[in-house]
Amino acid sequence: MRRCQSFYIDGGWCDPTAGGSTMEVVNPATEAVSGVVALGGAGDAERAIMAAHRAFDGWSQTPLAQRLELLGAICAVYERRFDEVADAITEEMGAPLLTLSKPAQARMGLAHFQVALKAAQSFPFETVRGTTRIVREPVGVCTLITPWNWPMNQIACKVAPALATGCTMVLKPSEFAPYSAQLLAEILHEAGVPAGVFNMLFGDGPTVGPVLASHPLVDMVSLTGSTRAGAAVSHAAADGIKRVSLELGGKSANIVCASADLARAVTQGVRSMMSNAGQSCNAPSRLYVPAARLEEAEAAAAAACARLVVGDPRAAETTVGPIANRRQFERVQRLIQAGIDEGATLLCGGPGRPDGVERGFFAKPTVFSRVEDRMTIAREEIFGPVLVIRPYADLDEAVASANASPYGLSGYVSAGTLDEARAVARRLRTGMVHLNGAGVDIAAPFGGYKQSGLGREWGPAGFEEFLETKALMGSEPAA
């Protein structure tokens, strides 16, 4: 049994204030209780914010060299405890250990610290234009609210740039995935992060979220979560005119052009969609294929799903683990049934657990075809291993349908030539587009248009969210 019943505040572990509650953490692969997490209240959030506020004056004035040294120390400790991090992620949210937790989930957390270290070495914190010196300064006290689907990735891509730019912070990780967050707090402590610079408490969003977003001593709020949560945080932060950075939902289109290698593009699209059991905001959940080749695409998609191995996330052969928690599992099941009820063609998968599986939040990798834009499964973010195939008559129709979504996080285009893929990508109203199977670039900006969020994370672009701009006019001698 793991116990996450202390909060990391002002450089040490402390008990929650009186009146808090606890929640059992359930292993999604077995439905057995694997631990317990304390749920803090407004008093705990206040205590953490005050610690960050007290630490800001000192930390914000530290030389860049000192911050670089600290980031290097964090990377070293993280690498030493890497296997612990990967194991914790598998236990808390079910990512397959050997095919996802180690090579991606835990690895991405380390990579964000490494990229922040490299980016900070050359970032233009100060520039001169004529007689004016332009200074980029830390925004202040930041509250960071993160979800359960990529727990370490989404924590590290906020904590690393906040540290690099000289901000102090309060982290509230998801109460559904507390183990990896607790490990990160231990890593930061061992690496020597000064007291009050990093603070962490557990809690549920409705209880502590409003305090973290509205407190007068908080200068910036960064949230990764649902569009509904993003709207709530924005409302809470509005009266204080706080900076708000939001990385929200997605319903990303994957357009396969007539000139593409269709079987290869569809197979790759299925694998990408089903990775992490479909629980990725940038998953290619809407597959667009030429209507004249629909049956060929359907066969390729069904064959790709048949090769997936759903099961024990600690088994070497497993490629798809469980849905991370019961609430999300039940939502996925409802939406699969909605697809059937609304008349989509079910190619494979469907409601319920895979054959022979009686426990765990395992969903069948599911593919619907001949999906129409009006259908619920074509419009809503399912956040499970569910792919929809939508045939198109021409690229104008495909692009128009892709852009009709209220989301605009990511997009995918496969074409016979890079020039054609680029041309289609430029027409998509999304913050990112993957061309011809390209993977993520951790140093590139990550974020979306429309209801997919505000601002950008990852790499140098992620620094911008944590910086203010000051103009020192007359600071430099005239030429």
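Note that the structure is a prediction, hence the values are computed from the model and not measured.

Rules and cut-offs
- Residues numbered from 1 in each chain as written.
- Predicted model: local features only at pLDDT ≥ 70, side-chain atom pairs only at ≥ 80, totals over all residues.
- Heavy atoms only, no water.
- Core = buried A, V, L, I, M, F, W, Y, C linked by side-chain atoms within 4.5 Å.
- Buried < 20%, exposed > 50% of the residue type's maximum accessible area, 1.4 Å probe, protein only.
- Helix = DSSP H or I, 4+ residues; strand = E, 2+ residues; numbered from the N terminus.
- Contact = heavy atoms within 4.5 Å.
- Pairing = 2+ DSSP bridges.
- Axes fitted to C-alpha atoms, helices over the stretch in contact; angles between N-to-C directions.
- Phe/Tyr/Trp six-rings, centres within 6.5 Å; stacked < 30°, edge-to-face > 60°.

Give a description of the nonpolar core that names residues and reports values.
In this structure, Phe113, Leu163 and Phe198 are the most contacted members of the largest nonpolar core, which totals 104 residues. Of the residues forming this core, the biggest block, 13 residues, is contributed by helix H4 (residues 97-122). Excluding anything up to four places from it in sequence, phenylalanine 113 contacts Leu71, Ile74, Cys75, Ala156, Val159, Ala160, Leu163, Leu184 and Leu188. In this structure, Ala260, Ala297, Ala301 and Ala363 belong to the second largest nonpolar core, which totals 40 residues.

Provide a residue-level description of the side chain of glutamine 333, including the pertinent values.
Checked against the element boundaries, glutamine 333 lands in helix H11 (residues 326-341). Under the relative-accessibility criterion, glutamine 333 is labelled buried at 14%. Not counting chain neighbours up to four residues away, the residues in contact with glutamine 333 comprise Pro351, Gly352 and Ala363.

So, the sheet that holds strand E1 (residues 2-4): which residues are in play, and what are the values?
With respect to topology, three strands assemble into an open sheet ordered E1-E5-E4, the strand pairing being mixed. A strand with exactly one partner marks an edge of an open sheet, and here the two such strands are E1 and strand E4 (21-26). Across the sheet, the axes of successive neighbouring strands diverge by a mean angle of 20 degrees, strand direction being ignored. Pairing geometry for E1 and strand E5 (residues 33-39), over three bridges, is parallel.

Outline the packing of aromatic side chains, listing residues and values.
With the rule as written, the count across this model stands at ten aromatic pairs. Ring centres of phenylalanine 7 and phenylalanine 202 lie 6.2 Å apart, and the angle between their planes is 65 degrees; on these two criteria the pair is classed as edge-to-face. Of the two residues, phenylalanine 7 sits in strand E2 (residues 7-9) while phenylalanine 202 sits in the loop between strand E10 (198-200) and helix H7 (205-214), which places them 195 residues apart along the sequence. Assessed through its relative accessible area of 0%, phenylalanine 7 is described here as buried. Ring pairing ties together the aromatic residues Tyr8, Trp13 and Phe198, which thus form one cluster.

Residues and numbers for the sheet that holds strand E20 (residues 434-435), please.
Taken in spatial order, the seven strands make up an open sheet running E15-E16-E17-E14-E13-E19-E20, and their pairing is mixed. Each edge of the open sheet is held by one strand with a lone partner, namely strand E15 (345-348) and E20. One ladder, built from three bridges, connects E15 with strand E16 (residues 366-369); its direction is antiparallel. From the neighbouring strand, leucine 346 faces E16, where its bridge partner is phenylalanine 368. Packed on one face of the sheet, H11 meets E15, E16 and strand E17 (386-392) and runs near 25 degrees to E16.

Keep in mind these values describe shape, not function.
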